[in-house]
Amino acid sequence: MRNVGYIVLALAFPLMILAYESFYKVNETEQVIITQFGKPVGDVINKSGLKIKTPFIQTVNRIEKRILLWDGSANDMPTKDKLYITVDTFGRWRIKDPLQYYLRLRDERSAQSRLEDILGSETRNAVAKHELIEIIRTTKGRIPNIDPLLASVDIGKLLPIQRGRRLIEQDIFSAAADKLSEFGIELLDIRFKRINYNESVRKKIYQRMISERQQIAEKFRSEGAGEAARIIGNKERELQRIQSEAYREIQTIQGDSDAEATEIYASAYNSDPSSRDLYGFVKTLEAYKSVVDEKTTLILTTNSELYKMFGRSISKIEK
Amino acid sequence: MQTKMKPPGFDVRLSPSRISLVISAVILVMAFLGSYYTVSAESVGVLQRFGHYHEVVDPGLHFKIPFGIDSVTQVPVKRQLKEEFGFGTPGATFSQQMTSATEWNLETTMVTGDLNTALIEWVIQFRIENAFDFLFKVREPADALRDVSESVMREVIGDRTVDEVLTIGRQDIESSAQEKMQEVVNLYQMGLRIDQVQLKNVNPPRPVQSSFDEVNEAQQEREQMINVARGEYNKAVPRASGIADQKIQAAKGYAMQRVNRAQGDASKFNALFDEYLKAPEVTKKRLYLETMIEIIPNINQKIIIDDAANSVLPLLQIATPNLVKNTVKRTQK
């Protein structure tokens, strides 16, 4: 009884090892290639779950099933218009033919470096064939919104493009996809992540931006001065208009009233000879009143209308 | 080894039944500990059996098959996650929320559609919508999202002018970036939902900043110059128009006065004339005398001489030398 117990215990351990060697799990994220002495045997196992293999002889090679990231390194390259830019790309890929992949690349690190080689050089080719703006812009013929404050300035224009970013990305994609498929890799997508001016170009770009802004600023100042001058001009014109119109009206009013008064006088004084005579007489008397004051020395003879009685009475007394 | 799992007072001696007893006790304890799990309130659990996707379980306490047969991954589907670009807020909830500070400068710098440069900081907020896709379709989905976000943001900025980016286009950029990011995320089957894209600081590059400020200042200057001129206009023109009105009114007053006086004078004359016609001589004489009566009392020096008495004149102290001379001459004769 005791011996049997030992035997069971002694057997349990190798049995466990055997089970461990015969069964394996395939995760939802994996596909598996079974190799026998380094040589793949059977089909690719791409269904997840618990699987059986020949113990000890066969080895499980787990290969990623999910979509993978390729993050390219940032490279300096010239565009068609000879601008040096730094381009950073990224791509999505997956292992479509694990057997091919396993045979040609074996692991992910060599896959990544192959991707870097192929996508890097295709990116370089595509960038060299296009002007910078083609890589920057996407939507052909988009009309930008213009800041109403800047509406008077001739800026805010998008440079025109023939193809645009998406089409260039597709160029790279189609050129690289074929080359990668022989490694069992399916390229799903490649996109530009970052595009920046190279350090050497940047200074010039900044200089251009500065001069563009200064030109706008000058235009604003000049617009201000111009508009101010226009307003001052309007002011001068308005003043002249108001004053001259007033002058005209005043002269007309005064002239009209003078004419009317003259007519009134004339019609009263000039109606017949005796009225003319009376007018002359009355006016003369009025003139005396204003001409003669207390400083006047008046010499009157007794011959005058006022004193004519004087002389007579004196001579009468002397007689 | 002998002390392990052995209660005190037991016989130290090994026997197969004791060993198997100990082993099965250990197995039992492990089975118990590995047979339940809790899913937190903000998450769902994704249960895999032998690595194969089995089911998605709701929050709460659940049982599973132990010994690595069932495995559970918690996916926080209800948590709002965010990724920051060009800056970082301390206290990140997961490692991809921000990059290291050395990367920020590269993240923000972008080329606009008029080949200018702008610095853009932004945040995306997202949630895990589909736990299955998130776990099994794409590896490193949070890193992938960072790449997608940067790429799409540059695509959107690349289609806009620097002025749109800096001032008027913000909302437009946010909404079209969100839309495009969602499209790419769907294409990649990342199982994510982009809730929001928010632009944070948007600036021109530092060496250019001052010239952008200059434009703003010039804008202010322009408005100021125009306002000053308008002020001058407003100061002068209404006043001039008032003064003109004043003068016109005065002229109208003059006109009325002129006509009224004429009419008054005329009617006074006419009245006199009517009387005059009845007795011309008497009226004339009366008028003359009335005038004289009025005038003469006011005069200080009055000399009344007889018609014939010419010789009196030389005696008069008249201040006119010529007259004196003449009179002297006459006397000598």
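Being a predicted model, the structure only gives us computed values, none of them experimental.

Quick notes on the overall build of chain A
Link 1 in the chain: The secondary structure content of chain A amounts to eight helices and 10 strands.
Link 2 in the chain: When the backbone C-alpha atoms are referred to their principal axes, chain A occupies close to 210 × 60 × 40 Å.
Link 3 in the chain: Every one of the 319 residues in chain A was classed for burial, and the buried ones make up 24%.
Link 4 in the chain: When contacts within chain A are restricted to residue pairs at least 6 apart in sequence, long-range pairs at least 24 apart make up 70% of them.

Description of the overall build of chain B
Link 1 in the chain: The helix and strand inventory of chain B stands at nine helices and 10 strands.
Link 2 in the chain: Looking at chain B as a whole, 27% of its 333 residues qualify as buried.
Link 3 in the chain: Put simply, of all contacts in chain B between residues at least 6 apart along the chain, 65% involve residues at least 24 apart.

Focus: the sheet that holds strand E5 (residues 70–75) of chain B
Residues and elements named next belong to chain B.
Link 1 in the chain: Pairing in this open sheet of three strands is antiparallel, and the strands run E3-E2-E5 from one edge to the other. What marks the edges here is a single partner per strand, and that holds for strand E3 (52–57) and E5. Taking each pair of neighbouring strands and ignoring which way they run, the sheet shows an average axis angle of 25°.
Link 2 in the chain: Across six bridges, strand E2 (residues 44–49) lies against E5 in antiparallel orientation. Across the sheet, glutamine 48 pairs through a bridge with serine 71, a residue of E5.

Here we look at the interface of chain A and chain B
Link 1 in the chain: The partner chain B presents 99 residues to the 107 residues of chain A that form the contact.
Link 2 in the chain: Here the side of chain A that touches chain B takes 38 residues from helix H6 (residues 199–269) of chain A, the largest share from any one element.
Link 3 in the chain: Each residue belonging to the side of chain A that touches chain B can be placed in one class, and the counts come to 53 nonpolar, 24 polar and 30 charged.
Link 4 in the chain: Here strand E10 (residues 297–301) of chain A runs beside strand E10 (residues 301–305) of chain B; their pairing, made up of five bridges, is parallel. By the bridge assignment, leucine 300 of chain A is partnered in E10 of chain B with isoleucine 304 of chain B.

Here we look at H6 of chain A
Link 1 in the chain: Counted at 1.5 Å a residue, the expected span for H6 of chain A with its 71 residues is 105 Å, and the 104 Å between its end C-alpha atoms agrees.
Link 2 in the chain: Residues of H6 of chain A that are buried: Met209, Arg213, Ile216, Ala217, Phe220, Gly224, Ala228, Ile242, Ile253, Ser257, Ala261 and Ile264 of chain A.
Link 3 in the chain: Lining the buried residues of H6 of chain A we find helix H7 (206–278) of chain B.

Details of the pairing of E2 of chain B
Residue and element names in this part refer to chain B.
Link 1 in the chain: For E2, a buried count of five out of six residues is recorded, marking the element as mostly surrounded by other parts of the structure.
Link 2 in the chain: Two strands pair when backbone bridges link them, and E2 and E3 are joined in this way by five bridges, in the antiparallel orientation. Bridge pairing in E3 places glutamine 48 opposite tyrosine 53.
Link 3 in the chain: Two successive antiparallel strands, E2 and E3, enclose a turn made up of two residues, where phenylalanine 50 displays a positive phi of approximately 50°.

Focus: the sheet that holds strand E5 (residues 58–64) of chain A
The strands that make up a sheet pair up through hydrogen bonds in the backbone, lying either parallel or antiparallel.
Residue and element names in this part refer to chain A.
Link 1 in the chain: Strand order in the open sheet formed by three strands is E3-E2-E5, with antiparallel pairing between adjacent strands. Each having just a single partner strand, strand E3 (39–45) and E5 make up the two edges of the open sheet. This sheet shows a mean twist of 30° between the axes of neighbouring strands, independent of strand direction.

Some thoughts on the environment of isoleucine 190 of chain A
Residues and elements named next belong to chain A.
Link 1 in the chain: Relative to the helices and strands, isoleucine 190 resides in strand E9 (residues 185–197).
Link 2 in the chain: For isoleucine 190, a count of 26 C-beta atoms within 10 Å puts it in the buried group.
Link 3 in the chain: Note: C-alpha distance between isoleucine 190 and threonine 123 (67 residues apart in sequence) is 9.6 Å.
Link 4 in the chain: Residues contacting isoleucine 190, with those up to four places away along its chain left out, are Thr89, Gly91, Leu119, Glu169, Ile172, Phe173 and Ala176.

What to know about the environment of glutamine 170 of chain A
Link 1 in the chain: Relative to the helices and strands, glutamine 170 of chain A is located in helix H5 (residues 165–181).
Link 2 in the chain: For the pair formed by glutamine 170 of chain A and alanine 126 of chain A, sequence separation is 44 residues and the distance between their alpha carbons is 9.8 Å.

Observations concerning helix H6 (residues 170–187) of chain B
Each full turn of the α-helix corresponds to 3.6 residues, which orients residues three or four apart in the same direction.
Residue and element names in this part refer to chain B.
Link 1 in the chain: The end-to-end C-alpha distance of H6, which contains 18 residues, comes to 26 Å, matching closely the 26 Å that a straight helix rising 1.5 Å per residue would cover.
Link 2 in the chain: Restricting attention to buried positions, one finds in H6 the residues Ile173, Ala177, Gln178, Lys180, Met181, Val184 and Val185.
Link 3 in the chain: Each element contacted by the buried residues of H6 is listed here: strand E8 (117–128), helix H4 (141–158), helix H5 (162–168) and strand E9 (192–203).
Link 4 in the chain: Glutamine 189 lies just past H6 and shows a positive phi near 50°.

Brief notes about the packing of helix H7 (residues 273–291) of chain A against H7 of chain B
Link 1 in the chain: It is at 10 Å that the axes of H7 of chain A and H7 of chain B come closest, and there the two elements cross at 110°. With respect to H7 of chain B, the axis of H7 of chain A lies roughly perpendicular. For the crossing formed where H7 of chain A meets H7 of chain B, the hand is right-handed. Across from Ser274, Ser275, Leu278 and Tyr279 of chain A in H7 of chain A, the residues of H7 of chain B making contact are Phe269, Phe273, Tyr276 and Leu277 of chain B.

Some words on the confidence of the model for chain A
Link 1 in the chain: Summing up the model confidence of chain A, the mean pLDDT is 85 and the portion of residues at 70 or higher is 94%.
Link 2 in the chain: Segment residues 314–319 of chain A: pLDDT under 50, and zero contacts once partners within four positions in sequence are set aside and those in other chains are kept.

Regarding unusual backbone geometry
Link 1 in the chain: One non-glycine residue, phenylalanine 37 of chain A, adopts positive backbone phi at about 50°.
Link 2 in the chain: Relative to the helices and strands, phenylalanine 37 of chain A is located in the loop between strand E2 (30–36) and E3.
Link 3 in the chain: You will see that glutamine 189 of chain B, though not glycine, has its phi angle at about 50°, which is positive.
Link 4 in the chain: By secondary structure assignment, the location of glutamine 189 of chain B is in the loop between H6 and E9.
Link 5 in the chain: Look at glutamine 189 of chain B and you get partly exposed, because 17 C-beta atoms sit within 10 Å.

Brief notes about the packing of H7 of chain A against helix H8 (residues 280–295) of chain B
Link 1 in the chain: Following both chains from N to C, one finds H7 of chain A and H8 of chain B inclined at 10°, their axes separated by 9 Å at the closest point. One way to sum up the angle between H7 of chain A and H8 of chain B is to call them roughly parallel. Contacts between H7 of chain A and H8 of chain B involve Ser274, Phe281, Val282, Leu285, Tyr288 and Lys289 of chain A from the former and Pro280, Lys284, Leu287, Tyr288, Thr291, Glu294 and Ile295 of chain B from the latter.
Link 2 in the chain: Residue composition of the contact of H7 of chain A with H8 of chain B, by class: eight nonpolar, two polar and three charged.

Thresholds, definitions, all that
Note on numbering: residues in each chain are counted from 1, in written sequence order. Think of it this way: whatever chain is written first is A, whatever ligand is written first is 1, and the rest follow in order. Side-chain atom pairs in this predicted model are given and counted only at pLDDT of 80 or more, local residue features only at pLDDT of at least 70, and totals for whole chains, interfaces and linings cover all residues. Under the DSSP-based scheme used, a helix requires at least four consecutive residues in state H or I and a strand at least two consecutive residues in state E, with every element numbered from the N terminus. With C-beta atoms placed from the backbone, a residue is buried if 20 or more other C-beta atoms are within 10 Å of its own, exposed if 12 or fewer are, and partly exposed between those counts. It is the C-beta atoms, placed from the backbone, that decide contacts: two residues are in contact if theirs lie within 7 Å. When DSSP finds two or more bridges between two strands, those strands count as paired. Only C-alpha atoms enter the line fits that serve as axes; for helices the fit covers just the stretch in contact. Angles between N-to-C directions range over 0 to 180 degrees. Three categories are distinguished: nonpolar for Ala, Val, Leu, Ile, Met, Phe, Trp, Tyr, Cys and Pro, charged for Asp, Glu, Lys and Arg, and polar for the others, with Gly belonging to the last. Under the convention used throughout, the expected extent of a helix is 1.5 Å for every residue step, that is, one less than its residue count. Oblique is the label for any angle not covered by the other classes, which are roughly parallel (under 35 degrees), roughly antiparallel (over 145) and roughly perpendicular (65 to 115). Note: crossing handedness is left-handed where the near helix turns anticlockwise from the far helix by less than a right angle, and right-handed where it turns clockwise. As a per-residue measure, pLDDT reflects the predictor's confidence and takes values from 0 up to 100.

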